[in-house]
Amino acid sequence: MKSLATIREGGAANWAFRIAATVVVFALVLYVPTKTGAGTIQTAIEALVLMGAAMSLNLLLGYTGQISIGHSAFLGMGAYTTGILVSRYGWSPWYTFPVAFVLSFALGVIVSFPASRIKGVYLALVTLALALVFPQVVTWKKLSWLTGGGSGLPTKDAQVADTGFNIGAASRGQMQYFEIFGWNPLGDLRKPDNKAAFWYWIAVGVVVIIYLVCRGLVKSRVGRSMVAIRDNETAAAVMGVNLVATKAFVFGISAGLCALPGCVTAIKTGGVSPEGIQSLTVRGAITFLIVMVVGGAGSLWGPIIGAAVYVYVTDITGGWASDEAIPGVLRPFFGWAKIPPSDGIFAVLLIVLMFVAPRGLVGVWRQYSPRIVRVLPRPAGTTGAAPVAIAATITNTHSEGEHE
Amino acid sequence: MSANGYGVDTQPRGEDEVVVNLLDVDDVTVRFGGIVALDGLSFSIEEGHICGLIGPNGAGKTTMFNVVSRIYQPTLGSVRFRGQELLRTPAHGIARLGIARTFQNLALFPTMSLLDNVMVGAHSQGKVGFPRAIFRVGAAKENRETRDFAGDLLQQLGLGPLAFRPAMGLPFGTLKRLEIARALAAKPTFLLMDEPASGLTHGEVDELGDTIQQIRDQFGLTVLLVEHHMSMVMSISDRVVAMEFGRKIADGTPAEVQQNEAVITAYLGTS
Ligand SMILES: Nc1ncnc2c1ncn2[C@@H]1O[C@H](COP(=O)(O)OP(=O)(O)OP(=O)(O)O)[C@@H](O)[C@H]1O
Ligand SMILES: [Mg+2]
């Protein structure tokens, strides 16, 4: 395979690319709250929530190979923890994040123990049961003293001023605005009724935290042992990987992280109920799966790209309920069915991707970008020159494996 | 089996020199439903030796490896490593004791690069667990060290140029060699090799024999070698154990085992 250019990992060109990519991401993140309206900001929050959920699922499924169709329940744990603590006990929403993480982590670890004995389809079914049971439990009449039953919990009215959360109202006179030449990089926080920008930054914070945790894990000895479990469990155990403990921890971390976007949803939606927040029903769990797979399972940026694409497509096609709203060429394909067009588009995209790029959109990038620029990894080893090779002949054997 | 009161089996050698066995397999029985894969198998391996384990197909050699790796639980018997009962150690604890192995039919991590495969091989040497990985305490340093260590091992086994290739799709012989590199990454003192020569040409088999002796000397290893290439086993082994139908049929120096009636019968298939 020929490539137009070859650069060195960690070299100047590589750094230039990294910096450019970082600048683009920063610009996008800043653009939304400062230059767009509340509607776009709300959509962006949905995308961020989906990113967070898909990234935590990716840790478990993409990297460790343990399927879960139950992550909506963990997101629900987060949403309900925030809902209950804020509306029933008057907590500041800030403090509900760590509590939600811990509770969901514990639930994840509990689920992992039966899960570490079962595999594949059976694990899928057990986690699916979790997703199906969760909305039943929280709407259960006998639990309505806690969860509010079928009508759910309000979180909006309960965001009392002194929690520091009712940003518009409370911050007048308290908050120092951070302005550069009249431009407020945090967005329109000043308007008393525009909390969207504030929630947006909370969602960004959650996604950044999840990303950093995932990155730290994946690029370490632990991350290698996770992929080893995915690739070959027996071999992983022989290398010294404690299968039960590793799976329990990954399950716990994945569940705990998935609760955080749940907290964001509870704050943003202003109420918590299975009807109000679709992501905490089994539909949510399936959406996380699709987003992760379309973006690229087992890659750090896959779920981020997948969620962005998913929400973008959903947003564009959201108004396609009537024929007139659909752009000309596409009209014959949409508008006739009751389901949202984005579902159809993603179903087709999923099938196509499974055939042409099972590693998702990031997989496509990984496959084709070396045709343009190939990044040479840093050489591994303490010696530049090859040490006395124990087996000289083998160098000939594997030449058949090299088709550069 | 001779227990000396310390739970350590010993063999007398010379005048009053006593050699502690590295591995003692004592009366091990493994059943799969009706099949008796190992039937009261007993043998010992002396430290520093290359011990050949031979036997016709289905004799139970791989099963023996899987018992030592704690993949199969024997119904009876005991396996002691440096006098310590292995059957009380969980599968993931074996590598930490200094025992590494290769697999007959390859058990690599196909989506990982050769380098990463070897880095996973060093798992038991590492220290960074979940909390340290999340908060990045010493993770980068460990990565750098493990990466260099693995890179050196690949170089040494002649796999350096392939370090960044995924293991999937490379020739069988190359992957067999990768298995050796990955096993050595655990810094073992005891290496079990299950048919390392399968898939190699005749010339390469001879090279492999030299390789095994060299790594034994360089890394101070004791080796248990399962192999069907008789000339190689007989030329590099210090001792050979022959088995058939899960039982030991002969045990001794290569010359002794080659002359053994039972071994000849087992291999010629007459009975
Ligand atoms: N997991 C298993 N389940 C059922 N039977 C098994 C299992 N593993 C091994 N056996 C049986 O145990 C016996 C010994 O098999 P084993 O693989 O140990 O032989 P081997 O000496 O390694 O043979 P080869 O030289 O062909 O590799 C065989 O009869 C085999 O069918
Ligand atoms: Mg075998």
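The model shown is predicted, which means the values in this text are computed figures rather than measured ones.

Trainee: Can you walk me through the overall build of chain A in this structure?
Mentor: If you tally the helices and strands in chain A, you get 16 helices and 4 strands. Residues classed as buried in chain A amount to 50% of the 404 residues present. Restricting to contacts in chain A with at least 6 residues of sequence separation, those with at least 24 account for 76%. Here chain A has roughly 19,300 Å² of accessible surface; of this, 67% comes from carbon and sulfur atoms.

Trainee: Would you take a moment to explain the domain arrangement of chain A for this structure?
Mentor: In many analyses, interface size is given as the accessible surface area lost on bringing the parts together. Residues and elements named next belong to chain A. Segmentation of chain A into domains returns domain 1 (1-35 + 359-399) and domain 2 (36-295). Across the boundary between the two partners, domain 1 contributes 12 residues, which contact 18 residues of domain 2. Counting across the interface, domain 1 meets domain 2 through 0 salt bridges. Counting across the interface, domain 1 meets domain 2 through 5 residue pairs in polar contact (both at pLDDT 80 or more). Where the side of domain 1 that touches domain 2 is concerned, the elements lending two or more residues are α1 (12-35) and α15 (360-372). It is α1 that provides the largest number of residues to the side of domain 1 that touches domain 2, a total of 8 residues. Residue composition of the side of domain 1 that touches domain 2, by class: 8 nonpolar, 2 polar and 2 charged.

Trainee: Just checking my understanding: could you explain the side chain of Asp24(B) for this structure?
Mentor: Inspection of the secondary structure assignment puts Asp24(B) in strand β2 (residues 17-32). A polar atom in the side chain of Asp24(B) sits 2.8 Å from the side chain of Ser44(B).

Trainee: What's the story with the confidence of the model for chain A in this structure? I'm lost.
Mentor: Any segment with low pLDDT has predicted coordinates that should not be analysed in fine detail. Residues and elements named next belong to chain A. The pLDDT averaged across chain A works out to 82; a share of 80% of its residues lies at or above 70. Per-element mean pLDDT across chain A ranges from 39 in helix α16 (residues 394-397) up to 97 in helix α9 (residues 221-231). Contacts from residues 158-164, a stretch scored under 50 in pLDDT, to residues over four places away or in other chains number 16 contacts. In this model residues 385-404 is a low-confidence stretch, pLDDT under 50, and it forms 37 contacts with partners more than four residues away in sequence or in other chains.

Trainee: Can you walk me through the coordination of the magnesium ion (ligand 2) in this structure?
Mentor: By definition of the ideal shapes, a tetrahedral metal site with four donors has angles of 109.5 degrees and an octahedral site with six donors has angles of 90 or 180 degrees. Looking at the magnesium ion (ligand 2), one finds its protein donor set to be Thr62(B) (OG1) and Gln104(B) (OE1), positioned 1.8 to 2.0 Å from the metal centre. Remark: Gln104(B) occurs in the loop between β7 (99-101) and α2 (114-121) and Thr62(B) occurs in helix α1 (residues 61-68); sequence separation between them is 42 residues.

Trainee: Teacher, can you tell me more about the sheet that holds strand β10 (residues 239-244) of chain B here?
Mentor: Whenever strands of a sheet pair, they do so through backbone hydrogen bonds, lying parallel or antiparallel. Residues and elements named next belong to chain B. The strand order β7-β8-β9-β4-β10-β11 describes an open sheet built from 6 strands, whose pairing is mixed. Edge positions in the open sheet fall to β7 and β11 (247-252), since each of these has one partner strand only. Across this sheet, the average inter-strand angle for adjacent strands is 15 degrees, counted without regard to direction. With 5 bridges joining them, strand β8 (residues 190-194) and strand β9 (residues 222-226) adopt parallel strand pairing.

Trainee: In this structure, what is going on with the interface of chain B and chain A? I would like to understand it.
Mentor: Contacts between the two partners involve 55 residues from chain B and, on the opposite side, 53 residues from chain A. Here chain B meets chain A over a buried area of about 4,600 Å², counting both sides, of which 62% is carbon and sulfur. Three residues, His92(B), His123(B) and Phe130(B), lead the burial of chain B against chain A; their summed loss comes to 16% of the area buried on that side. Across the chain B-chain A interface, the total number found is 0 salt bridges. The interface formed by chain B and chain A includes 12 residue pairs in polar contact (both at pLDDT 80 or more). Those elements that place two or more of their residues in the side of chain B that touches chain A are α2, α3 (130-134), α4 (139-156), α5 (172-184) and α6 (202-219) of chain B. Broken down by class, the residue content of the side of chain B that touches chain A amounts to 24 nonpolar, 17 polar and 14 charged.

Cut-offs and rules
Residues numbered from 1 in each chain as written. Chains lettered and ligands numbered in written order. Predicted model: local features only at pLDDT ≥ 70, side-chain atom pairs only at ≥ 80, totals over all residues. Heavy atoms only, no water. Helix = DSSP H or I, 4+ residues; strand = E, 2+ residues; numbered from the N terminus. Buried < 20%, exposed > 50% of the residue type's maximum accessible area, 1.4 Å probe, protein only. Contact = heavy atoms within 4.5 Å. Areas by Shrake-Rupley, 256 points an atom, 1.4 Å probe, with all protein chains shown as cover. Domains from an automatic or database assignment. Salt bridge = Lys/Arg side-chain N within 4 Å of Asp/Glu carboxyl O. Polar contact = N/O pair within 3.5 Å; in protein donor to acceptor, adjacent residues only side chain to side chain. Nonpolar A, V, L, I, M, F, W, Y, C, P; charged D, E, K, R; others polar. pLDDT = per-residue confidence, 0-100. Donors = N, O, S within 2.8 Å, 3.2 Å for Na, K, Ca; no water. Pairing = 2+ DSSP bridges. Axes fitted to C-alpha atoms, helices over the stretch in contact; angles between N-to-C directions. Buried area = accessible area lost by both parts, 1.4 Å probe.

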